[in-house]
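What the coordinates show
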Amino acid sequence: MSLVRTLVLLPIASIGIASSAESHADTNGEQWELVWSDEFEGIQLDRTKWKPERSCWGGGNNERQCYTDRLKNIRVEGGALRLIAYKEKFRGPDRPPEIAVKPNPDKTQSYTSGKIRTLGLSSWKYGRVEFRAKPPKGQGTWPAVWMMPAANVYGSWPRSGEIDILEGVNLGATCPQCKGDVGENRMISALHFGDYAPKNKVRDTRVALPSNALPSDDYHVWTLEWGEGLMRFYLDGRKYWELTEKDWESTSPKAKGNPVAPFDQPFYIMANLAIGGKLSEENNDKDVAKNAIPAEFAIDWIRIYQCRTDREKGLACMKSVEGEK
C-alpha cells in the first residue's frame, strides 16, 4: 500500500493447487529458523509485538478510513487477528507520529478500521515472511500485509523501498477480464522504489487461485522469501512471482554502486484494512459499495524466519521448491 499508487500490472499468474492450511516453511526446515511470530491466541493484541496506528489521513491514497486503537476495530478473537471496518463518522489525528506535522491536526472520515505495525518494536533484514489470512470481499475494501523500511537510509518514500506481500482490492466485484464467474478474484503483490513522486516506480503482479475461487472464501498462506538481490512470492506454497536486483533501483546518492539497494535494510511489517482510495474506487464497480461494510480482514498467524546458515545474505535457504512454477 503505497503513499502514491500508480499501478502497472505484469501478466496474471495462476498457481498450482496446494493446501491453504499448510505453510511450506518445512522447505529447508533445518536452515530456516523461526525468529518472531504471533499466533493471535488469547483475547487481546500483544502490544510487545504490535503498535496500532491512529491516523485519518488516508495513506496518501485518498482512503476513507480513520485507523483507531479500539477493540471495535482491532480484535483478537477465536485464534485470529480481526481488523474490522465500519461505516461511521470518526475524528482523529491526521497522520501517524513519524510523518506528522506539529501540531498534528485532527481529521474526520466516514469509516473506521484497524492497522497494526511492528514499527519501533521489530524489523528484519532478509528471511521468510509468512502468514495465513482471509481477506474480505466487497467493492471498496483494500486489505494488505506489507513492509516498510525501519529507517529511511536511502531517503523517504519510495527511495528506501516498500514491499507489498498481499493486497486484495475489490474482491468479488465486477471484473470482465477475470477468469471464472465470481468477479474480481486476483490478489496483488508489489514493490515500490526509485525516486520521489512523480518519478516513483512500481513493479507488481496479480495472482488468482487455480480454481479461480474468491480468496475471501477461505484462509490462504502467503509467503515472501527475501535474500540479497532476490525476492520470491508464494501463495499456498506455490511460487507465482520472482524478482532480482535487476528489477528495482534507488536513485538515492547513498545507493550509488549498490545494486541491491534499497532492499538491503531492515523492514518492519504491518497489516491493515483500508476502505476506499484510488486503487479500489477507480476500478471494478467504482466507489465503496454499501453492502461491503462492515468488513473483516482475519489473520490466523504471522511468522518470520531467518536463514540459520546465512543471516548476512539470506540466500542459502532460498533453494528451488518442487512444484514451483
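Everything numeric here is computed off the predicted structure, so don't read it as measured data. (Residues numbered from 1 in each chain as written. Predicted model: local features only at pLDDT ≥ 70, side-chain atom pairs only at ≥ 80, totals over all residues. Heavy atoms only, no water.)

All right, on to the overall build of the chain then. When you go through the chain residue by residue, the secondary structure sums to one helix and 18 strands. Here the chain holds 325 residues, and 59% of them are scored as buried. A fraction of 75% describes how many contacts in the chain between residues 6 or more apart in sequence connect residues 24 or more apart. (Helix = DSSP H or I, 4+ residues; strand = E, 2+ residues; numbered from the N terminus. Buried < 20%, exposed > 50% of the residue type's maximum accessible area, 1.4 Å probe, protein only. Contact = heavy atoms within 4.5 Å.)

The next point concerns the state of the cysteines. One pass over the full model with this rule turns up three disulfides. The disulfide partner of Cys-56 is Cys-66, and the gap between their sulfur atoms is 2.0 Å. Because the sign of the S-S torsion sets the handedness, a value of about 115° for the bond joining Cys-56 and Cys-66 places this disulfide among the right-handed ones. Residue Cys-56 is found in the loop between β3 (51-52) and β4 (65-67), and its partner Cys-66 is found in strand β4; the two are separated by ten residues along the sequence. When sorted by exposure, Cys-56 lands in the same class as Cys-66, which is buried. Between the sulfur atoms of Cys-175 and its disulfide partner Cys-178 the distance amounts to 2.0 Å. Measuring handedness by torsion sign, the sulfur bridge of Cys-175 and Cys-178 sits at about 75° and is right-handed. (Disulfide = S-S within 2.5 Å.)

For strand β13 (residues 200-208), a buried count of seven out of nine residues is recorded, marking the element as mostly surrounded by other parts of the structure. Sheet topology note: the strand β12 (residues 186-194)/β13 ladder contains nine bridges and is antiparallel. The residue bridging Ile-188 from the neighbouring strand is Arg-206, located in β13. Once β12 ends, the chain turns through five residues before running back antiparallel as β13. (Pairing = 2+ DSSP bridges.)

Here we take up the nonpolar core. Core analysis: the largest hydrophobic core is formed by 50 residues, its most contacted members being Met-147 and Ile-163. Dropping the residues within four chain positions of it, Ile-163 is found in contact with Trp-146, Met-147, Ala-190, Leu-191, Leu-224, Met-231, Phe-233, Phe-263 and Phe-267. Counting 14 residues, the second-largest nonpolar core is a separate cluster that includes Trp-146, Met-148, Val-169 and Ala-274. (Core = buried A, V, L, I, M, F, W, Y, C linked by side-chain atoms within 4.5 Å.)

In total, this model carries 23 salt bridges according to the counting rule given. Glu-296 is paired through a salt bridge with Arg-82; the nearest N and O atoms lie 2.9 Å apart. Pair noted here: Glu-296 is in strand β18 (residues 295-307) and Arg-82 is in strand β6 (residues 80-93), with a separation of 214 residues, a long-range link. Judged by relative accessible area, which is 33%, Glu-296 ranks as partly exposed. The shortest N-O distance in the salt bridge between Lys-125 and Glu-312 comes to 3.8 Å. Of this pair, Lys-125 sits in the loop between β8 (115-117) and β9 (127-134) while Glu-312 is found in the segment after β18, placing the two residues 187 residues apart along the sequence. Relative accessible area serves as the criterion here: at 55%, Glu-312 is assigned to the exposed category. A cluster of three or more residues bridged by salt bridges with shared partners is formed by Glu-53, Glu-98, Lys-115 and Arg-117. (Salt bridge = Lys/Arg side-chain N within 4 Å of Asp/Glu carboxyl O.)

It is worth stressing that arrangement in space is one thing and function is another; only the former is reported here.
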